[in-house]
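So you can see what is in the structure, the chains are spelled out below.
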Amino acid sequence: MAAERTAERSRLPHALARRVGQGVPAALTRYRVMAWVVGVLLVALVLVAVPVKYLGGVDEPVAVIGTLHGWLYAIFFVTACDLALRARWTLRGTVLILLAGTVPLLSFVAERIATRKTRAGERV
């Protein structure tokens, strides 16, 4: 039994393997998915829906995409806080990651930085 756990953990980076019992890899995956979903919706809102509203006079895309982004940002917020607690991020890093979800294209950059540092066992 112990040999199976050792073999399973050896596939992960050493720093991340120490935290497998705390659920960091699963929390990181949830965070990454939500960061991408929120980022794509925010880009769609800013680059597609808002111009359609103001140039074409059609309000529905902003209403639908904006509402969807708002609800999914709430889920992103929860998943980012969950990961921050499990990976022991700093308060400053957590706040910056949460704010990155509100700036178009910045959520993708923040996701890469958070993923790299978390996998390396560093605090964000």
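Above: the structure in question.
Residues numbered from 1 in each chain as written. Predicted model: local features only at pLDDT ≥ 70, side-chain atom pairs only at ≥ 80, totals over all residues. Heavy atoms only, no water.

Colleague: Where do I start with the packing of helix H3 (residues 24-56) against helix H4 (residues 60-87) in this structure?
Modeller: How two helices sit against one another is set out by the angle between their axes and by the gap between those axes. Where H3 contacts H4, the axes come no closer than 8 Å and their chain directions differ by 155 degrees. One way to sum up the angle between H3 and H4 is to call them roughly antiparallel. Where H3 crosses over H4, the handedness of that crossing is left-handed. (Axes fitted to C-alpha atoms, helices over the stretch in contact; angles between N-to-C directions. Helix = DSSP H or I, 4+ residues; strand = E, 2+ residues; numbered from the N terminus. Parallel < 35°, antiparallel > 145°, perpendicular 65-115°, else oblique. Left-handed = near helix turned anticlockwise from the far one by under 90°.)

Colleague: Looking at this structure, how should I read H4?
Modeller: Each full turn of the α-helix corresponds to 3.6 residues, which orients residues three or four apart in the same direction. Its 28 residues give H4 an end-to-end C-alpha distance of 40 Å, which sits within 8% of 40 Å, the value for a rise of 1.5 Å per residue. The complete set of buried residues in H4 reads Ile65, His69, Leu72, Tyr73, Phe76, Thr79, Ala80, Leu83, Ala84 and Ala87. On its buried face, H4 is in contact with H3, helix H5 (91-100) and helix H6 (106-119). Directly beyond the C-terminal end of H4, a positive phi value near 60 degrees is found at Arg88. (Expected span 1.5 Å × (residues − 1). Buried < 20%, exposed > 50% of the residue type's maximum accessible area, 1.4 Å probe, protein only. Contact = heavy atoms within 4.5 Å.)

Colleague: What should I look at first to understand the pattern of salt bridges in this one?
Modeller: Between side chains of opposite charge, a pair can form as their charged atoms come close. On inspection of all chains with the given rule, the structure shows four salt bridges. With a shortest N-O distance of 2.5 Å, Arg32 and Glu111 are connected by a salt bridge. One end of the pair, Arg32, is in helix H3; the other, Glu111, is in helix H6, and 79 residues separate them in sequence. Judged by relative accessible area, which is 1%, Glu111 ranks as buried. (Salt bridge = Lys/Arg side-chain N within 4 Å of Asp/Glu carboxyl O.)

Colleague: Could you clarify how one ought to interpret the side chain of Thr115 in this entry?
Modeller: Tracing the chain through its elements places Thr115 in helix H6. Within the structure, the side chain of Thr115 is placed 2.8 Å from the backbone oxygen of Glu111, a separation counted as a polar contact. (Polar contact = N/O pair within 3.5 Å; in protein donor to acceptor, adjacent residues only side chain to side chain.)

Colleague: Looking at this model, I keep getting lost on the environment of Lys53. Mind explaining?
Modeller: Relative to the elements of secondary structure, Lys53 occurs in helix H3. Residue classification places Lys53 among the partly exposed residues on the basis of a relative accessible area of 28%. Residues Lys53 and Ala63, 10 residues apart in the sequence, show an inter-C-alpha distance of 9.7 Å. Apart from the residues lying within four places of it in its own chain, the contact partners of Lys53 are Val58, Asp59 and Val62.

Colleague: Before we go on, may I ask you to explain the nonpolar core in this structure?
Modeller: Most often, soluble globular proteins keep nonpolar side chains buried together rather than apart. With 26 residues, the main nonpolar core has Tyr31, Val38, Phe76, Leu83, Trp89, Ile97 and Ala114 as its most contacted residues. Of all the elements in the fold, those that place two or more residues in this core are H3, H4, H5 and H6. The biggest single contributor to this core is H3, with 11 residues. When neighbours within four sequence positions are excluded, Ala114 is seen to be in contact with Tyr31, Trp89, Ile97 and Val124. (Core = buried A, V, L, I, M, F, W, Y, C linked by side-chain atoms within 4.5 Å.)

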